[in-house]
Amino acid sequence: MLDFLLFSGFVSSFLLVLFSSYFFSAIIKSKSSFNSFIYFVLIFISQIISSIELLSLIKSINPSGILIINSIVLAVSFGLWEFFKRPNYIYPEKFKLLAKDILNALKKDKFLLIISIIFGISCIILLLLTIFVPTDNMDSLTYRLGRIAIWVQNGTLQHFETTSIRQLCFPINFEVMILWSWTFLKRDSLALFPSFLSYFGCLGLVFGYLKYFNISTRRILWVLLIIVSLPIFLLEATSAQSDLFMGFLLLASLYLLVYSIREKEITPAIFVGVAYAIAIGAKSTAFLFVPAFVVVTVLMFLREKENKPVRQIIAAAISFVIFFIILSSYNYIQNHFTFNSIFGPESIVSSNTVNGIKPLPVNLARFFFAFIDLPGIDYTGLKLIRKIDSLIVGVHNGLISEYGLSPKFGINMGFFEGFNFRVHENYSSFGFLNYLLIVPFIVISLLKLKSKKDRTFYMAMTGLFIPCFFLMMLLFMGYSVWSLRYFATAAALSAPMLIFSYNRKTNWYKYLISSILIFNFIIYTVFNWEKPLPEVINTFAEHKNYMEARRDLRLRNGFYYTNNYREYALLNGIRKIIPENARIALFFVEEDSIYPFFEEGSDWEIYPSRYDRFIKEKRFDYYDFLIVSTKVQEIYSLEPKPDINYTPDYKSRNIKFDNKSDEDAKTVYLDKAGKIIFSGNSAKAVKLVNLIDEKNFSKYFEKIKTIKSEMPDKRMSRTYIVYKRKAIW
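Residues numbered from 1 in each chain as written. Predicted model: local features only at pLDDT ≥ 70, side-chain atom pairs only at ≥ 80, totals over all residues. Heavy atoms only, no water.

Trainee: Summarise the overall build of the protein chain; cite the residues concerned and give the values.
Mentor: Assigned secondary structure in the protein chain consists of 29 helices and 10 strands. Whereas a compact globule of 729 residues would reach a radius of gyration of roughly 27 Å, the protein chain reaches 27 Å, a difference of no more than 12%. When its C-alpha atoms are laid out on the principal axes, the protein chain stretches across 75 × 65 × 55 Å. Across the 729 residues in the protein chain, those meeting the buried criterion constitute 57%. For the protein chain, restricting intrachain contacts to residue pairs at least 6 apart in sequence, the fraction spanning at least 24 positions comes to 78%. Here the protein chain displays about 31,800 Å² of accessible surface, and carbon together with sulfur accounts for 64% of that area. Within the protein chain, one finds 79 positive and 57 negative side-chain charges whose respective centroids are separated by 8 Å. (Helix = DSSP H or I, 4+ residues; strand = E, 2+ residues; numbered from the N terminus. Rg over C-alpha atoms; globule rule 2.2 N^0.38 Å. Buried < 20%, exposed > 50% of the residue type's maximum accessible area, 1.4 Å probe, protein only. Contact = heavy atoms within 4.5 Å. Areas by Shrake-Rupley, 256 points an atom, 1.4 Å probe, with all protein chains shown as cover. Lys, Arg positive; Asp, Glu negative; His and termini not counted. Charge placed at Lys NZ, Arg CZ, Asp CG, Glu CD.)

Structure below.
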């Protein structure tokens, strides 16, 4: 009954936002119904973000607060809609004509028909995975869902104490979209829908862009099927990642910018600013796309100078500034006050950036191999591929060492692994299509920029987005295999260039590309490492309880699916010993997942805690339970130049602390290379390491359980210690 009431509350909020967004978008006059629909979606997203941020200021992010503000907005929008005599932009006959046009195109090209049928089946599978299977991506469980759970618990988006600094400093707009449903449902039941809907949103925007230039429907369908079949698109469609959401927002910016300049309209230019402002508040990679947008804007200005597009460009720029302040500045302002930087503490900024052009050649080589996806190659018996991969990695390490450099030179996270053999959202990119289709047609599109035909120019222009973004990422972020998923956004923006790859005639190339599309739709929807369909079905068959099945799936290891994450053993161990309404402090590290604790005990209050602050502020009577995941708590440092109270002890080859009391916390600081920083050292602190001493709280807490969690990768194993507050101390 309670679940029904919670779901009813969210449905009510959804309908209130839906109708008010329609009323606002209907009031805005547009010659294009498609434009009006884009305005509707952007207003819908803006409503959610602005409402949640407003409620955050008064610490009232809760169902009643959201419903009240939704109702007020609906009343205002309805009043305006009535005042403007109920304008409308939805015409069913247009949808009928569109459907008929698509069916005719499919009849004329059997390749498109067959691929479309398989795409339809894959969409059904993706929808089922989105509805029934929660994300088990460790990054999402640690960072995205973790921060949302704490926001809901606190009723505000304000910064909080945490052992994962990413939860504080990174942009928040995408997570706010997930928070909306969670505030009502108290769990992640609808957390994957923003990405799933963005998958189809990108498809719709590419369709609209191409249709605006009167591209034939057969060519459009070819382009759409290529884009939605890309491995990273299929994998992120059922994830909690934000790259497809970014793709939708930036595609909307591009389409509306082109439309406003060519049609000499101001309203689309205003919504260019809205879309890009939301994107800047959703993911930091939006900054890396700015140069590409500047380049295409200059090219359009030069081509359309007779239309005098200055007014539209200025309108877009002013709109961006205004809506950035309204929709995206919230967390940047918090970062400024908390860290003296809008991007967060210097430690996390420096750890995610690689400055300079020296690593450029080696990183280009790394990405060249990382873009080669070979899923399932181990099942073919072609062991030679693995040997070649090992040889490539060995040559890479040898050449780097030959120049006296570390194998991690130019790498901001992880290490170079050569080819990708996984079907995984953190590692897959464009699959077999990368060097067979994407790269060749980037080159072809750039050559076509000189075309005198407007349509050819505007298709070719989109080919700039992937190389421009790639260059910016190399210059500012260096190499990380986990950066490959960012190319989902770039691929969405460059999609129109793929019309040059379509040929009405049947030839070997069309056979090859069509075969790859079918392969992608099957492999990347059915055999996703993080949620393989056969295993998902078996898991639900084993569990009669729906929530227990979701719990099992959430804690499956995305690389060794037959094993659970380390938190699985811990949660099983504490289920019966920690009562409802308990306040639990987690002394975890950056890589530890906190979200499953919110799902496990919906009445628990979870607090990721720093040991040094816990001891300094003597919070011994604040928590009921403590859980320590490791006695060495390594997390990002907030202070680039911390107060260091330790010196090297050369006799014992150890560290001597200058603590006034044995009960004071002992903390050391590390630089980017992982070396200990001592007083007078010019290096900046990137990580702090708390040395957790049980004696410092044994007077107030008693050890009640030790839980060992073994993982296939021994570095990821943990020995958890659970403490309970003593009744009297």
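Trainee: An account of the sheet that holds strand β1 (residues 583-587) is requested, with residue identities and associated values reported.
Mentor: Strands sit in the order β2-β1-β3-β10-β9 across an open sheet of five strands; the sheet is mixed. Pairing within the sheet leaves two strands with one partner each, and these edge strands are β2 (605-608) and β9 (701-709). Between one strand axis and the next, the sheet turns by 20 degrees as a mean value, whatever way the strands run. Direction of pairing for β1 relative to β2: parallel, over a ladder of four bridges. Bridge pairing in β2 links R583 to E605. In this fold helix α27 (residues 566-574) packs onto β3 (625-628), β9 and β10 (718-725), with an angle of close to 140 degrees to the strand it touches most, β9. (Pairing = 2+ DSSP bridges. Axes fitted to C-alpha atoms, helices over the stretch in contact; angles between N-to-C directions.)

Trainee: How would you summarise the pairing of strand β7 (residues 666-670) if you had to cite specific residues and measurements?
Mentor: For β7, a buried count of four out of five residues is recorded, marking the element as mostly surrounded by other parts of the structure. Pairing analysis gives five bridges linking β7 to strand β8 (residues 687-691), with the strands arranged antiparallel. Bridge pairing in β8 places Y669 opposite L688.

Trainee: An account of the nonpolar core is requested, with residue identities and associated values reported.
Mentor: Core analysis: the biggest nonpolar cluster contains 204 residues, and Y199, Y209, F233, M461, I574 and I627 have the highest contact counts within it. It is helix α12 (residues 243-263) that provides the largest number of residues to this core, a total of 15 residues. When sequence neighbours within four positions are dropped, the list of residues in contact with M461 reads Y209, L254, V258, V296, M300 and L449. Membership of the second largest hydrophobic core comes to 17 residues, among which are F587, F614, I615 and A665. (Core = buried A, V, L, I, M, F, W, Y, C linked by side-chain atoms within 4.5 Å.)

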